[in-house]
Structures are given as C-alpha cells and as structure tokens.
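What the coordinates show
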Amino acid sequence: MTLALNRDRLQTVAGQYATHDVHNQAAPASGFNAFAGDAVLSSAVSRDAPWATDRCLALGAIVGDQAVQEAARLANKYAPELRTHDRYGNRIDWVDFHPAWHLLMDLAWRHEVHSLAWTTRNPHGHFARAALSYLWNQVEQGTGCPTGMAYAAYAGFRSQPDLAIWADRVVGTKYDFNRYEVAEKRSVVIGYAMTEKQGGSDLRETITTAVFSHAGDYHGAQAQWYALTGHKWFCSVPVADGFFTLAKVGGGVTCFFLPRTLPDGSFNRFLIQRLKDKSGNRSNASSEIEYAGSLAILVGEEGHGLREILSHSHLTRLDFAVGSAGLMRQALTLAINHTSTRRGFSMPISEQPMMANVLADMAIEVEAATLLALRVARATDHLETNENECAFARIATPMAKYFNCSRVPAITNEALQCHGGNGFIEESPMARLHREAPLNSVWEGTANMMCMDVRRSLIKDPNTRDAFLAELATVVGSSKAYDAYVGEVARLMDAARDDEYLARPASEAMARALQAAELIRHSPQDVTEAFIATRLVGQAGGWGSMFGTMAAGSDLARARRIVSRANVITTHPGAHPEPLSLADSASLAFDRLITDGAAGIGASVASEKVAR
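Parameters and conventions
- Residues numbered from 1 in each chain as written.
- Predicted model: local features only at pLDDT ≥ 70, side-chain atom pairs only at ≥ 80, totals over all residues.
- Heavy atoms only, no water.
- Helix = DSSP H or I, 4+ residues; strand = E, 2+ residues; numbered from the N terminus.
- Buried < 20%, exposed > 50% of the residue type's maximum accessible area, 1.4 Å probe, protein only.
- Contact = heavy atoms within 4.5 Å.
- 1 Å grid on protein atoms, 1.4 Å probe; cavity = no way out; pocket = protein on both sides within 12 Å on 5 of 7 lines; lining within 4 Å.
- Points joined across faces, edges and corners; volume = space filled by probe spheres on them.
- Nonpolar A, V, L, I, M, F, W, Y, C, P; charged D, E, K, R; others polar.
- Pairing = 2+ DSSP bridges.
- Axes fitted to C-alpha atoms, helices over the stretch in contact; angles between N-to-C directions.
- Parallel < 35°, antiparallel > 145°, perpendicular 65-115°, else oblique.
- Left-handed = near helix turned anticlockwise from the far one by under 90°.
- pLDDT = per-residue confidence, 0-100.

**Considering the environment of E427**
The topology assignment puts E427 in the loop between α12 (387-419) and α13 (429-436). By relative accessible area, which is 70% here, E427 ends up exposed. Along the sequence, E427 and R73 sit 354 residues apart, while their C-alpha atoms lie 8.0 Å from each other.

Shown next as structure tokens:
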C-alpha cells in the first residue's frame, strides 16, 4: 500500500513539472508525390512528353518517401572514406561509401535518371530525362553528379567504335557496384577528370602528358592506347568504372577515356591521392588523382580534345541548370511545408502577410527557373534536326546554367530563414541544402565562364542572337512592359558582343526575358503579372534585392494564390507517419543495407577483386 501511494505521488509530481509536451512543431515533409503535386512540372510533361508521366509519378513518390529521405541524410552524414591500400599492403585506391549511398544510386539507375534520353523511342527524350533529373535533385544532390555524368558520357561513346561496349553499359539500369571489367558489368558509372591545379577552368593549361603505347583489339574494335602521366586537381566519383580526361600529345590537348579495370582484369594505374573535404555535396567523393603510366584510349583526334569534350559539356551544363531548379524546388517545398504546419502569433506562419510575400516571391522565382531549364531541354531534343533550335540552345544553355545556378543560394538562404533556427541544424534537410547551394555555380564552369561562352556565341555565330530574339518575339504584344524589356535586351546583347565588361548583365537580362516568355506562354496571370512587375520593371517599390519585397504587381490575396499553386504537399501526415510502401521496395532495401554496416559494400568488393 505504501509503495502504491509513493508511486502515485511521484507520478503527480512528475506530471506537475513536465516540460516536454511537444506541440506546434511543423509536420514532416514526407508522404507526398513531388510530381503529382507540382503544377509547373506536371503541366510541362503533359504538354511535351506525356508518355513520361508514369515514370515521373514513380520518381515523384520516391522524393516524398520517408525512408529515402533518411537515406539521403545518412549518405551525407557518413562521408566517403578513402582506402589507398588493403590490410595486406596492396594498393587498391578505393572509396568506402555508406550503404545509403548505394541505395540512392540503385534507385536513380532503376528510374532511368541517367539514361532515358538515350533509350526512349518517344519524342522529347532529353526533355523527359530533364524532368527526372529535376525530381532526383529533390532526393539527394551528391548522387546527381554521377547520373549527370553518365547522361553526358553517352555522347562521347556513341561515335567511337572502340567504346561501343561502354555506350551499351552506360545506359544500363541495374546499378553494378564492383570493379569488374566492363564486359562483365550490367551498367557502369562514369567520371570526368579534367581540371588541374595550374589551369582551373582554362583547360588549355593542361600539363598531363600522353605518349602512344600500342594499338589493339578492344571488345571487337581497334583501340589506340596511350600512357598518361600527370595530376588532376578535381575528379568526382573516383570509384567510377571509367573516366574521360585530357592530356597533351605533342603540345596539343587531347581527349582520352581511361578504364579503371583493364581487359585482362588488372587494375589500371589510377592513384587516388586524397579526397576533398568539401563544404557541401558530402555524400559524393571528390578527389585528387594521379596518372603514372596509366593506360587510356584515344577519343577523337590528337590535339582536338577541347572540341571533343564540348560535345559533352552542353549536356552537363543543361543538367546543372535543371538540377539547380530542382534543388530550388526542394527548398521551396520545405519552406511552404514548415510555415504551413507551424503556427505563430495565432495563425499558420504562411498566412502572415510578410511570410506570404516571401513564399510567393520564392515560388515565382522557382517557377521561372523551372520553365527556363525545361525550355533549354526541349531545344536539346532538336540539336540534330532543327538549325534554329540548335542555335538557340548554343546560347541559351550556358545562360541558363549561369543564371539558375547563381540563384540557388538566394533561394536556400530564404528557405532556411522560413524555418528559423530549426533549419540550421543538421537534423533538418535545409542545412544540407544550404551547404549544397553554391556548388553548381562553380562545377563545370563558373558564372564568368558561362557568360564568356554566351558572348563567344554572339561573336562567332550571329544565328544565335537571331534565334534567341526570335524566341522572345513569339510572345511580343502580350505585355507592354515585356515588349520594352525585350528591346533593351537586344541592345544589351549587341553591346556585350563588343565589350566583355557587359557579358554578365547581358546574360542575366537574357535569362529574365526568356523566363518571362515562358511564363507568358504557360503560367497563370497571377504568376506572370507579378514576375513582370517585379523582375522586368525597374520601378521604385516594385521589387527589392531580397525575397519578400514584392509591392507593385502583387498583393496579399495574389500572394496567397501563388503559394497555394506552389504547394506540393496537399495533405500533412501526423508526427510519425508510416513510410510509403514503394513498388520498388526501396524501404526494405534500405533496411537491409543499413544492417550491413557503413563500409561493407566497398570494402568487400575491393578485397574480393584484389584476391582474384
């Protein structure tokens, strides 16, 4: 009896001083479909690639799956680890990844994020593949690097007979993480190793050298093998199965393809010297590597390596423009979800007038970025069949890469502020996005490099100017403000052609004009009018330098309609929702991988191959 009374008294006291009755926390952003709920993307796919709808729906469900989101967190929390040697002292030059990385790679490969453009017989394959990449960049950005590189690599393989086997394997959809020779693999991962310490973006400063080694049969075709010597400053995904790289032959920069495993099953001399300790993109291993008599196959002609690699760079630049729009979309989704499901000052935070201005302003920016990237993807589908679209893509691709990549940090910074302190802790995906945001601007060419390429297009090919302005002219007459802006853009393009100092303002003005044209064509009046009034008209009180500063062309009612349109999560589960049961059993695969331990896959594969 005494024990019972003491227990009751203790429970009463404990309840009296309880401090952890958790309430008014935002609902988790999970259990939704990022494609079905995205009015901009789903409408675009319906217009230009309706046959891809089911694929996009399947991938959209993965974006909102709680188990996949946890895999993204773990893949970034437990960074890759370099293993130069095995325990017996053998040089293996391998990297161990957390099992979550392999789950994500497997999902990306199965959903054709890397390959759809090359395997489909339906129209607008590049556009459809861009939609998948846009969605995948809302899952996890580190794995977005190998998907984009595999996508671009096919362009280098398909015209080279001795690399035909790589063209076949690079579009495989069964992720195959091992060090087997290409003939033994179901799919391959491809890397690029171009940049050197002394040159950076100026690839003409390459000092890696190559000397002819031998010619011989390589999977049914004659290959020219060279021995490479040199150091590469940035090499992403150093565990890839093969790499495009550059080296000088007799002073001329030349393109090569270097397999990690040679035809006899031995490992090529590919020395990983260290992994980069990066600010973001931590799930993905970036490295410095050394060639020491490493064997590589000549791609194209000696001395024409820069021209050869340009056939890939259009695709990588497009992918960065698309991926950056996807990253912005993820940040917006998180911001709307947090502010809609957390209350402040007696109402949902999203309903507060200033927050509605912020969210609507961000939603307009993300919609414009999305349509910009998808327009360039649509042009890419016609590179070989339409001269006008080819000229348009030539100038619009670096422009879109520059502008979208440069806008990501502003969006993620504002989205983090929408979360307050909750967004600045590593348990929140916002912290990861905030660290990720600057990367795309410096990868595959900085902002200045992209604007330089825009200007170079204007100088070398006048058709690019005509094609771009013709694109803008198709909606002239829809808005006086837009019409006036297009006239200014044309004058600024001509001025930039004559003066490099104006290349960046011209590129930004072009991006804004093309965004406006796409919004006029495809978006509701609320979004279009607010964009034109804030982004194109330089009037006082129209728009400031920060998000949430819309005045002219917008009011609270319009802002709330814009935010409602941008909300992809229409229902909000409880604090502990059940994970989705995915058709591809992603959740079960994740559980199984986690039990294997963080380093199991990479270590076991490397040791097995060395033993062989």
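After that view, the rundown keeps rolling.
**So, α13**
Buried within α13 are the following residues: M430, A431, R432, L433 and E436. For α13, the elements touching its buried residues are α4 (66-77), α10 (305-341), α12 and α14 (439-442).

**What about empty space enclosed by the protein?**
Per the counting criterion, the structure on display carries four cavities of 30 Å³ or more. Considering the residues around the largest cavity, the lining is formed by 17 residues, among which G144, C145, D319, F320 and N440 are closest to the centre. Elements that contribute at least two residues to the lining of the largest cavity include exactly α8 (144-157), α10 and α14. Here the residues of the lining of the largest cavity sort into six nonpolar, eight polar and three charged. Its volume calculated, the second largest cavity comes out at about 100 Å³. The wall of the second largest cavity is formed by 14 residues, among which V40, R329, A363, E367 and A566 lie closest to the centre.

**Things to note about the pairing of strand β6 (residues 242-249)**
Across a regular strand the side chains alternate sides, sitting on one face of the sheet and then on the other. By the criterion of burial, β6 is predominantly enclosed, with seven of the eight residues buried. Sheet topology places strand β3 (residues 190-193) next to β6; four bridges connect them, and they run parallel. Residue pairing across strands places Y192 opposite F244, the latter belonging to β6. Relative to strand β7 (residues 252-259), β6 is paired through eight bridges, and the arrangement is antiparallel. Residue A247 lies in a different strand from β7, and its bridge partner there is T254. Linking two consecutive strands that pair antiparallel, namely β6 and β7, is a turn of two residues; a positive phi of about 60 degrees is found at G250 within it.

**Let's talk about the packing of helix α17 (residues 480-498) against helix α18 (residues 503-522)**
Here α17 crosses α18 at 150 degrees, and the two axes come no closer than 9 Å. Regarding the angle of α17 to α18, the classification is roughly antiparallel. The hand of the α17/α18 crossing is left-handed. Side by side, α17 and α18 meet where Y482, Y485, V489, L492, M493 and A496 of the first sit next to A503, P505, A506, A509, M510, R512, A513, A516, A517 and I520 of the second. Counted by class, the contact of α17 with α18 contains 15 nonpolar, no polar and one charged residues.

**A few points about the confidence of the model for the chain**
Segments scoring low in pLDDT should not have their predicted coordinates read at a detailed level. The share of residues in the chain with pLDDT of 70 or more is 89%, and the mean pLDDT across the chain is 90. pLDDT under 50 marks residues 573-612. Its contacts with residues more than four places away, or in other chains, come to 75 contacts.

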